[in-house]
2 protein chains.
Amino acid sequence: MARRPTIKDIARQAGVSESAVSFALNNRPGVSQDTRARIRRVAEELGWQPNSAARALSGEQSGAVGLVLARPAHTLGVESFFLQLVSGIQEVLAAGRIALLFQVVEDLDAECAVYRRWWAERRVDGVVVVDPRTDDPRPALLEQLALPAVTVGETGPVSVSSASSDSAPSDSVVPALSAVRADDAGAMAQVLDHLHGLGHRRIAHVAGMPGLAHTERRITSLRAEARRLGLGPGQVRSVTTDYSDAEGAEATRRILAEPEPPTAIVYDNDVMAVAGVAVASELGIPVPGGLSVVAWDDSALCRVTRPRLTALVRDTAGFGRLAAEELLALLAGGRPRSRESELPRLEPRESTAPPPAAY
Amino acid sequence: MARRPTIKDIARQAGVSESAVSFALNNRPGVSQDTRARIRRVAEELGWQPNSAARALSGEQSGAVGLVLARPAHTLGVESFFLQLVSGIQEVLAAGRIALLFQVVEDLDAECAVYRRWWAERRVDGVVVVDPRTDDPRPALLEQLALPAVTVGETGPVSVSSASSDSAPSDSVVPALSAVRADDAGAMAQVLDHLHGLGHRRIAHVAGMPGLAHTERRITSLRAEARRLGLGPGQVRSVTTDYSDAEGAEATRRILAEPEPPTAIVYDNDVMAVAGVAVASELGIPVPGGLSVVAWDDSALCRVTRPRLTALVRDTAGFGRLAAEELLALLAGGRPRSRESELPRLEPRESTAPPPAAY
DNA sequence: TTGTATGCGTTATCAG
DNA sequence: CTGATAACGCATACAA
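Remember, predicted model here, so these are calculated numbers, not experimental data. (Residues numbered from 1 in each chain as written. Chains lettered and ligands numbered in written order. Predicted model: local features only at pLDDT ≥ 70, side-chain atom pairs only at ≥ 80, totals over all residues. Heavy atoms only, no water.)

J.: Mind laying out the protein's contact with DNA strand C, listing which residues take part and the relevant values?
T.: Among the 25 residues in the neighbourhood of DNA strand C, the closest are listed as Ser17(A), Gly30(A), Ile7(B), Ser22(B) and Arg55(B). The separation between a phosphate oxygen of DNA strand C and a polar main-chain atom of Ser32(A) is 3.2 Å. Within the backbone of Ile7(B), one N or O atom sits 2.8 Å away from a phosphate oxygen of DNA strand C. Listing elements by their share of the surface near DNA strand C, those giving two or more residues are helix H2 (18-25) and helix H4 (52-57) of chain B. Looking at the surface near DNA strand C, the element that brings in the most residues is H2(B), giving 4 residues. Of the residues contributing to the surface near DNA strand C, the split by class is 8 nonpolar, 13 polar and 4 charged. (Near = heavy atom within 4 Å. Polar contact = N/O pair within 3.5 Å; in protein donor to acceptor, adjacent residues only side chain to side chain. Helix = DSSP H or I, 4+ residues; strand = E, 2+ residues; numbered from the N terminus. Nonpolar A, V, L, I, M, F, W, Y, C, P; charged D, E, K, R; others polar.)

J.: Explain the protein's contact with DNA strand D to me, and be specific about the residues and the numbers.
T.: Residues in contact with DNA strand D amount to 23 residues; listed here are only the nearest, Ile7(A), Trp48(A), Arg55(A), Ser17(B) and Ser19(B). Within 4 Å of the protein, atoms of DNA strand D come from sugar and phosphate in 71% of cases. Counting residues per element, the ones that place at least two in the surface near DNA strand D are helix H2 (18-25) and helix H4 (52-57) of chain A.

J.: A description of the interface of chain A and chain B should follow, citing residues and the corresponding values.
T.: If you look at the interface, chain A gives 56 residues, while chain B gives 57 residues. Across the interface of chain A and chain B, roughly 5,300 Å² is buried in total on both sides, 59% from carbon and sulfur atoms. Taken as a group, Arg4(A), Leu83(A) and Phe102(A) account for 14% of the area that chain A buries against chain B, more than any other trio of residues on that side. A salt bridge links Arg306(A) to Glu282(B); the shortest N-O distance between them is 2.9 Å. (Contact = heavy atoms within 4.5 Å. Buried area = accessible area lost by both parts, 1.4 Å probe. Salt bridge = Lys/Arg side-chain N within 4 Å of Asp/Glu carboxyl O.)

J.: Explain the side chain of Ser244(B) to me, using residue names and the numbers behind them.
T.: With respect to the element layout, Ser244(B) can be found in the loop between strand S7 (236-239) and helix H10 (245-256). Separated by 2.7 Å, the side chains of Ser244(B) and Asp242(B) make a polar contact.

J.: Quick one: what's the story with the domain arrangement of chain A, residue by residue and with numbers?
T.: Taken domain by domain, chain A comprises domain 1 (64-182 + 316-340) and domain 2 (184-313). For domain 1 of chain A and domain 2 of chain A, the distance between their C-alpha centroids amounts to 27 Å. (Domains from an automatic or database assignment.)

J.: If you had to explain the confidence of the model for chain A to someone new, which residues and values would you point to?
T.: The predicted structure's coordinates, where accompanied by low pLDDT, should not be read in detail. Confidence in the prediction for chain A averages 88 pLDDT; 91% of positions are at 70 or higher. Of the regions scoring below 50 in pLDDT, residues 158-174 of chain A engages in 13 contacts with residues more than four places distant in sequence or in other chains. (pLDDT = per-residue confidence, 0-100.)

J.: Tell me about the pairing of strand S4 (residues 149-155) of chain B, residues and numbers included.
T.: Residues and elements named next belong to chain B. Counting buried positions along S4 gives 6 out of 7 residues, so the element sits mostly inside the fold. Sheet topology note: the strand S3 (residues 126-130)/S4 ladder contains 4 bridges and is parallel. Bridge pairing links Val-129 to Thr-151 in S4. As judged from the 5 bridges shared by S4 and strand S5 (residues 178-182), these two strands associate in the parallel manner. The residue bridging Val-150 from the neighbouring strand is Ser-178, located in S5. (Buried < 20%, exposed > 50% of the residue type's maximum accessible area, 1.4 Å probe, protein only. Pairing = 2+ DSSP bridges.)

J.: Requested: an account of the pattern of salt bridges, with residues and values cited.
T.: Residue and element names in this part refer to chain A. On inspection of all chains with the given rule, the structure shows 56 salt bridges over all chains. The shortest N-O distance in the salt bridge between Arg-12 and Asp-9 comes to 3.1 Å. Residue Arg-12 and its partner Asp-9 are located together in helix H1 (residues 7-14), separated by 3 residues, close to a single helical turn. Note on Arg-12: relative accessible area 59%, which makes it exposed. Between Glu-121 and Arg-123 there is a salt bridge, with the nearest N and O atoms lying 2.7 Å from each other. The burial state of Glu-121 is the same as that of Arg-123; both residues are buried.

J.: Help me get a handle on the sheet that holds strand S10 (residues 310-313) of chain A, residues and values and all.
T.: All names here are of chain A. With respect to topology, 6 strands assemble into an open sheet ordered S7-S6-S8-S9-S10-S12, the strand pairing being mixed. Two strands lie at the open edges of the sheet, namely strand S7 (236-239) and strand S12 (345-347), each paired on one side alone. Recorded for the sheet is a direction-independent mean angle of 20° between the axes of neighbouring strands. Judged from the 4 bridges that link them, strand S6 (residues 203-206) and S7 form a sheet pairing that is parallel. When the bridges of S7 are listed, Val-206 appears paired with Val-239. The strands touched by helix H8 (residues 184-198) are S6, strand S8 (264-267), strand S9 (292-296), S10 and S12; relative to S9, the strand with the most contacts, the crossing angle is about 165°. Its contacts with the sheet put helix H11 (residues 270-282) on S6, S8 and S9, and the angle it makes with S9 is roughly 165°. (Axes fitted to C-alpha atoms, helices over the stretch in contact; angles between N-to-C directions.)

J.: So what's going on with the relation of the copies chain A and chain B? Which residues, and what values?
T.: Superposing chain A onto chain B requires a rotation of 180° together with a translation of 0.0 Å along the rotation axis, leaving an RMSD of 0.2 Å. Classification of the inter-copy transformation places it as that of a two-fold axis. (Least-squares fit on C-alpha atoms with pLDDT ≥ 70 in both.)

J.: How would you summarise unusual backbone geometry if you had to cite specific residues and measurements?
T.: Residues and elements named next belong to chain A. Cis geometry marks the peptide bond from Val-287 to Pro-288; its omega dihedral reads 10°. Tracing the backbone through its elements, the reader meets Pro-288 in the loop between H11 and S9. At Asn-27, a residue that is not glycine, the phi angle is positive and equals roughly 55°.

J.: Before we move on, could you go through the sheet that holds strand S12 (residues 345-347) of chain B and cite the residues and values that matter?
T.: Residue and element names in this part refer to chain B. On the basis of which strands lie adjacent, the open sheet formed by 6 strands has the order S7-S6-S8-S9-S10-S12 and mixed pairing. Taken across any chain shown, the strands that pair with only one partner, and hence form the sheet edges, are S7 and S12. Put simply, the sheet's adjacent strands are angled 20° from each other on average, direction ignored. Sheet topology note: the strand S10 (residues 310-313)/S12 ladder contains 3 bridges and is antiparallel. When the bridges of S12 are listed, Ala-311 appears paired with Glu-347. Along the sheet, H10 makes contact with strand S6 (203-206), S7 and strand S8 (264-267), crossing S8 at roughly 160°. Running over the sheet, helix H11 (residues 270-282) touches S6, S8 and strand S9 (292-296) and is turned about 165° from S9.

J.: Residues and numbers for the environment of Asp125(B), please.
T.: Residues and elements named next belong to chain B. Relative to the elements of secondary structure, Asp-125 occurs in the loop between helix H6 (108-120) and S3. Assessed through its relative accessible area of 11%, Asp-125 is described here as buried. As for Asp-125 and Val-277, which are separated by 152 residues in sequence, their C-alpha atoms are 44 Å apart. When neighbours within four sequence positions are excluded, Asp-125 is seen to be in contact with Gln-61, Ser-62, Gly-63, Ala-64, Leu-147, Pro-148 and Leu-331. A polar contact of 2.7 Å, which involves the side chain of Asp-125, links it to the backbone nitrogen of Gly-63.

Okay, structure coming up:
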């Protein structure tokens, strides 16, 4: 019962050599059509599956890729982002019979240690790198280990809501890793257009963790977009947090206590947005009557709270699928490349409205 | 750079045989203390790590365990439960240098297929089974495959909030799988005691997916507890959902439209609870003034919405740690056994209060 | 087109 | 205590 069939069993059963079986099962030339078919049938009957260890050992790939999530325990949990991302990644991986090794660690150092171990143990053929940072040690490490990788969530071109500057990416500079990028600048432009169009002139941004590429990117984009819209530097500002509801609430409290509080706040995730709404209502500030709120990333959370939150909708699972496709392409010998995910869509709901008339 | 050191390298460097290295590195007798130390040092210098494929091939274990999550895509995402669980599992696994294979699939059949494949490919040494069902095909399959497994979330003894009936679990019946159980009956007793103590006599229960063991368990426990408290069968009822905010809202709408609506509703997860509060307020029913709400499982969600939700707090990461420990024990040759996780704690917040006086 | 021989890195079984 | 040697299952270069 616990014995798995091997190609030897198949060879014996089909009356051929082991190598013939190997060829037949791997779609390689060197075996006639009928024997190939016969071997296939026998393998099917016996329920044969390749032994991943043996495959990996004989120079092939391990048939697994890895994903490490480096987040302090208390910040993970509520965000739907990762499960959706992983779900999308797997959809593609499963089709190629690739397994996903998943690991949650506390910090970046631990993450790097995991990569080293996976590499040394030959556990994975490649990795998906999430939460890219402005000063990120991982690309260099992965390149050094020659471990194929795709980063997900790097931010797009630095241009400010301008025409896509796809001007001949110099082929001489080969990126070490593939990347699936998000156009945070374009997204921020949408958000600001929406708020500015409603009449908001003082806008705050409760961002995520400092050091993350997309955090920094959104912060600079906010300033750039403000300039574009003719808003002064005193009219927009960003504060960073750890993504938790606690820090989101705290930041909101500080911001609303200022002498000239903003009339709109953009939150970098859904949990903080909801926490912000709660803080505002405790302070007697109605949403959206006295304060407009936008959540970056949509979720059930944004739809079940009242008022329903205006949110940036991204196809997170699609993001994951894209990442997995790029990784598979890399593993198949393709050159590293960069792909842009589709621009998020701003879904206006009940939490955004014109600023109070008194303003 | 991309070459990993092998024991052969170590043997040459240390001037001993390969088998000596293998013995030294695996804490086996048959090698003197100094050579052992020397070999260790050389291995350290060279940064040697065992090649997992080679280990797995030579009859050892693969050094990986699996976890499959079978959930339709739209129901996963908001629940903090799984990331927390996984986080706890890994904490224990990482200490034993065991990798976790994680896969998200659509349904139970696909989940079983994954187990078969993992088994055939020798990918994992064991699995963690979540979302146990009342009529579950997985234990039989795993037993047939001789794949060590621990189920997490099975419900505790059938006794109704009685003294723990730990009366000599008959040793003759050896369970096939280890289990980490949750005392849903005890938890339900706490919830009903709380609500009954506040004065509630008509209580509804918006449960999760039918067929899940804990769903059925909570439903029967609700009835049993009601009997204990002297409530008639017409005064309590459960409805099942798919855990989504949409079905949670829909169920709430139906329940509140009944001729004699309940004064309290218990929701099987946080998202549905929040959705339920929203529906109630849309119908002009204040929470907790006109309706009390309890959420099963706490999360940031329960703390950021207003009113803050009274919730059953469980140490989900601890749950995961327990599961991982049991699995490791099983892999180490231990006998399957069943462990009870600690009883959840009811955290009263703002969403529960005495029922309206008019009642 | 087919069968044979060898290697992958490790563990395990034997001899010395 | 040590050093060869054979598996483990698969891929592949090479010989028939």
